[in-house]
Amino acid sequence: MMSNNLLSDNYDYRFKIIVIGDENVGKTSFVSKLVNNDFTKSYISTIGVDFLVHLVNDGLHISKLQIWDTAGQEKFRAITNFYYKKSQGVIMVFDLNKKSTFDSLNYWLTQVKQNIIEPPFIILIGNKKDLSRQVSSKDIKYFCKTNNIHYYEISLVNIKKNELDKIIQQFAKGLKSTNVSNKEASLKLVDVKKDYCCF
């Protein structure tokens, strides 16, 4: 994984990414761990939206991810809905320890469909697998299969940076494949082979 540079022009693709899910599921922690390799157990609510940039080298190309980390609280949803526009990738996060956050995924998926014209590439992150589990693997598998979503189960407390990097590298490959066909990506290249695997 490459070091981040907000102004770097050393990339082949640029994608707008939105991170969504209920409050306190680990969205900000996920982005912080990815971008800064930093994790804290203390919880501070996101106020509206935070913005970060991350460069991903998947071995073939370099993708610049413009990541919008949204607040999960209902009072901020009118604000955060604006940031769905023209997003090419979506990272949905829920808490394996709190079933209500999984049940809310249908709401978040509806927001994606209502606010993003071209279908984005979506992955689902089940966080806090180190804690007592309240969401069954069967329910998760059904949801992902029904909605054609790739799923990753993690604990941000324990996950190693290289493991998180591999997830984002796969995400970048999916973004390229989806958005080149949609002609939505900002890119310098035109032909990309679909080489990621669904699971």
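It should be emphasised that the depicted structure is a prediction, and the values quoted were computed from it without experimental measurement. (Residues numbered from 1 in each chain as written. Predicted model: local features only at pLDDT ≥ 70, side-chain atom pairs only at ≥ 80, totals over all residues. Heavy atoms only, no water.)

Trainee: Just checking my understanding: could you explain the overall build of the chain for this structure?
Mentor: The helix and strand tally for the chain stands at 6 helices and 7 strands. Across the chain, every contact between residues at least 6 apart in sequence was considered, and the portion connecting residues at least 24 apart equals 78%. Accessible area of the chain: about 10,200 Å², with a carbon and sulfur share of 50%. (Helix = DSSP H or I, 4+ residues; strand = E, 2+ residues; numbered from the N terminus. Contact = heavy atoms within 4.5 Å. Areas by Shrake-Rupley, 256 points an atom, 1.4 Å probe, with all protein chains shown as cover.)

Trainee: What am I meant to see in helix α1 (residues 27-36) here?
Mentor: For an α-helix the count is 3.6 residues per turn, leaving residues at separations of three or four pointing the same way. α1 sits mainly inside the fold: 7 of its 10 residues count as buried. All of the buried residues along α1 are K27, F30, V31, S32, K33, L34 and V35. Once α1 finishes, N37 follows within two positions and takes phi at roughly 55°, a positive value. (Buried < 20%, exposed > 50% of the residue type's maximum accessible area, 1.4 Å probe, protein only.)

Trainee: Just checking my understanding: could you explain helix α4 (residues 105-115) for this structure?
Mentor: Those residues of α4 lying buried are L105, W108, L109, Q111, V112 and N115. Seen end-on, α4 carries its buried residues on one side only, within an arc spanning 155°. Opposite its buried face, α4 presents the exposed residues K113 and Q114, each directed more than 90 degrees away. (Arc of directions from axis to C-beta.)

Trainee: Where do I start with unusual backbone geometry in this structure?
Mentor: For residues besides glycine, phi is generally negative; the peptide bonds are generally trans as well. Phi is positive for N24, which is not a glycine, with a value near 65°. Taking relative accessible area as the criterion, N24 reaches 39% and is therefore assigned partly exposed. Phi is positive for K86, close to 60°, though the residue is something other than glycine. Note that K86 resides in the loop between α2 (77-80) and β4 (89-95).

Trainee: Help me understand the environment of L109, please; the structure alone is not making it clear to me.
Mentor: Tracing the backbone shows L109 in helix α4. In this structure, the C-alpha to C-alpha distance between L109 and I122, residues 13 residues apart in sequence, is 9.5 Å. Those residues in contact with L109, other than ones at most four positions away along the chain, are M92, I122, F143, N147 and I149.

Trainee: Explain the pattern of salt bridges here, please?
Mentor: Per the stated rule, a full pass over the model turns up 5 salt bridges. A salt bridge links D165 to K161; its shortest N-O distance comes to 2.7 Å. Here D165 pairs with K161, and both are found in helix α6 (residues 161-182), just 4 residues apart, close to one helical turn. A residue is classified by how much of its surface remains accessible, and D165, at 10% relative accessible area, is buried. (Salt bridge = Lys/Arg side-chain N within 4 Å of Asp/Glu carboxyl O.)

Trainee: Hey, could you run me through the nonpolar core in this one?
Mentor: Soluble globular proteins tend to bury their nonpolar side chains together. With 27 residues, the main nonpolar core has F30, I91 and I125 as its most contacted residues. Mapped onto this core, the elements with two or more residues apiece are β1 (13-20), α1, β3 (62-70), β4, β5 (121-127) and α6. Take this core: its biggest share by element is 6 residues, from α6. Residues within four places of I125 in sequence aside, it is in contact with F30, I91, M92, V93, F94, Y151, Y152, I154 and I167. Counting residues in each nonpolar core, the second largest holds 21 residues, with L96, I116, L124 and V135 among its members. (Core = buried A, V, L, I, M, F, W, Y, C linked by side-chain atoms within 4.5 Å.)

Trainee: Honestly, the packing of aromatic side chains in this entry has me stumped. Any pointers?
Mentor: Any pair of aromatic rings gets described here by the distance separating the centres and the angle formed by the planes. Throughout the structure, instances matching the rule amount to 8 aromatic pairs. Both rings, one in F51 and one in W68, keep their centres 4.5 Å apart while their planes meet at 45°; by these two values the pair is tilted. Within this pair, whereas F51 is found in strand β2 (residues 49-57), its partner W68 is found in strand β3, the two being separated by 17 residues in sequence. Three or more aromatic residues joined by ring pairs make a cluster, and in this case those are F94, F102, F143 and Y151. (Phe/Tyr/Trp six-rings, centres within 6.5 Å; stacked < 30°, edge-to-face > 60°.)

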